[in-house]
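As a plain string of letters, each chain reads:
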Amino acid sequence: MKKTILAVAFMAVAMVSCQDKTKDKVEDATEAVGTEIETTAEATGEAIDSTAGEVKEDLKEGVEAGAEKVEEGAKEVKEAAKK
């Protein structure tokens, strides 16, 4: 009977010990995932900012080129109207 009680007590201690280790591992994994999400979010934000700047510059260049074409067309119409 004593051996049975000691075996049950030993198993209970072992289970509690394993449970604590599992909780620690879950906490570590949760922290790692949180850090990874933060890093990815920052990188995504930087990529969006960079892309937005590039799009803005491309749009500016496109508007300038379009304005030049409109001015050229207006000059041609003005010259044609003079004739």
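It should be noted that the structure appears before, not after, this text.
Residues numbered from 1 in each chain as written. Predicted model: local features only at pLDDT ≥ 70, side-chain atom pairs only at ≥ 80, totals over all residues. Heavy atoms only, no water.

Draft legend 1. The arrangement of the overall build of the protein chain in detail. Assigned secondary structure in the protein chain consists of 1 helix and 0 strands. Across its three principal axes, the protein chain shows a C-alpha extent of roughly 120 × 15 × 5 Å. Counting across all 83 residues of the protein chain, residues that qualify as buried make up 0%. Distance between charge centroids for the protein chain: 5 Å, based on 12 positive and 20 negative side chains. (Helix = DSSP H or I, 4+ residues; strand = E, 2+ residues; numbered from the N terminus. Buried < 20%, exposed > 50% of the residue type's maximum accessible area, 1.4 Å probe, protein only. Lys, Arg positive; Asp, Glu negative; His and termini not counted. Charge placed at Lys NZ, Arg CZ, Asp CG, Glu CD.)

Draft legend 2. A look at the environment of A81. Turning to its location among the elements, A81 is positioned in helix α1 (residues 2-82). Of the residues examined, A81 reaches a relative accessible area of 63% and is grouped as exposed. Between the C-alpha atoms of A81 and G66, which are 15 residues apart in sequence, the distance is 22 Å.

Draft legend 3. Region of interest: a negative patch on the surface. On the surface, E54, E57, D58, E61, E64, E68, E71, E72, E76 and E79 cluster together into a negatively charged patch. Inspection of the secondary structure puts E72 in helix α1. On the accessibility criterion, E72 (44% relative accessible area) is partly exposed. (Patch = residues over 30% accessible without salt bridge, like charges linked within 9 Å, V, L, I, M, F, W, Y side chains within 5 Å. Areas by Shrake-Rupley, 256 points an atom, 1.4 Å probe, with all protein chains shown as cover. Salt bridge = Lys/Arg side-chain N within 4 Å of Asp/Glu carboxyl O.)

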